[in-house]
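What follows is each chain in one-letter form.
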Amino acid sequence: MRKLVAPALILAAVSVAAPSMAQSYHRPAPPPPHHGPQHAGYGAWQSINARQANLDRRIDGGVRTGQLSRREAVRLRGEFNSLLRLEANYRRGGLTAWERADLDRRFDRLSAQIRYERGDRDHRRG
C-alpha cells in the first residue's frame, strides 16, 4: 500500500504544478512589423486594403478642402487605380513576399505624393 501512495502523491503534485509552470513560460506574440516611413509613429502595420481605403479617403479629403486641385486629384486617382490593377494582377497567383513589399513601396510613394500635393499650397486663395 505504501508503494502506491508515494507515486500517487508525486503524480498529484506534478499535475498541479504543470499548468502553472506552462503559464510562466508563455511569451506574448511580437507586434506586427512597421513598413516604411509611412508607418513610423502611426501605430501598427496596416493591411493593403486599409492602406487603399486611407489613400482614397485622403484624396477625397484633399479635393473637399481645396488642398488638391481637380487636375492633381485626377492624376493621383489614376496612379491609385493603376496600383489597384497591379495588386489584382499580383493576387491572381497569391501574393508573394516580394509582391507585398513592392506594393508597400508603391503605396508609400503614392502616400508621399498625396502629402506633398496637399501641402504645396499652389491652388489655394490667399
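Everything numeric in this text was worked out from a predicted model, so none of it was measured.

Okay, the confidence of the model for the chain next. Averaged over all residues, the pLDDT of the chain equals 75, while 60% of them reach at least 70. Looking over the chain, one finds the lowest element-wise mean pLDDT in helix H1 (residues 2-24), namely 53, and the highest in helix H3 (residues 70-91), namely 93. Under a pLDDT of 50 for its full length, residues 18-27 has, in the predicted model, 0 contacts with residues more than four places off or in other chains. Contacts of residues 31-44 to residues separated by more than four positions or lying in other chains number 21 contacts, the stretch itself having pLDDT below 50.

Let us look at the packing of aromatic side chains. Inspection of every chain in the model, using the stated rule, returns 1 aromatic pair. Aromatic side chains Tyr-90 and Trp-98 sit 6.4 Å apart centroid to centroid with 65 degrees between the ring planes, which places their arrangement in the edge-to-face category. Residue class for Tyr-90 comes out buried when judged on its relative accessible area of 12%. Of the residues examined, Trp-98 reaches a relative accessible area of 55% and is grouped as exposed.

Below, the discussion takes up helix H2 (residues 48-65). Here H2 contains 18 residues, and its C-alpha end-to-end distance of 26 Å stays within 8% of the 26 Å for a straight helix at 1.5 Å per residue. Those residues of H2 that fall on the buried side of the exposure criterion are Ile-48, Arg-51, Gln-52, Asn-54, Leu-55, Arg-58, Ile-59, Gly-61 and Gly-62. Within two residues after H2, Gly-66 carries a phi angle of roughly 85 degrees, on the positive side.

Calculation rules
Residues numbered from 1 in each chain as written. Predicted model: local features only at pLDDT ≥ 70, side-chain atom pairs only at ≥ 80, totals over all residues. Heavy atoms only, no water. pLDDT = per-residue confidence, 0-100. Helix = DSSP H or I, 4+ residues; strand = E, 2+ residues; numbered from the N terminus. Contact = heavy atoms within 4.5 Å. Phe/Tyr/Trp six-rings, centres within 6.5 Å; stacked < 30°, edge-to-face > 60°. Buried < 20%, exposed > 50% of the residue type's maximum accessible area, 1.4 Å probe, protein only. Expected span 1.5 Å × (residues − 1).

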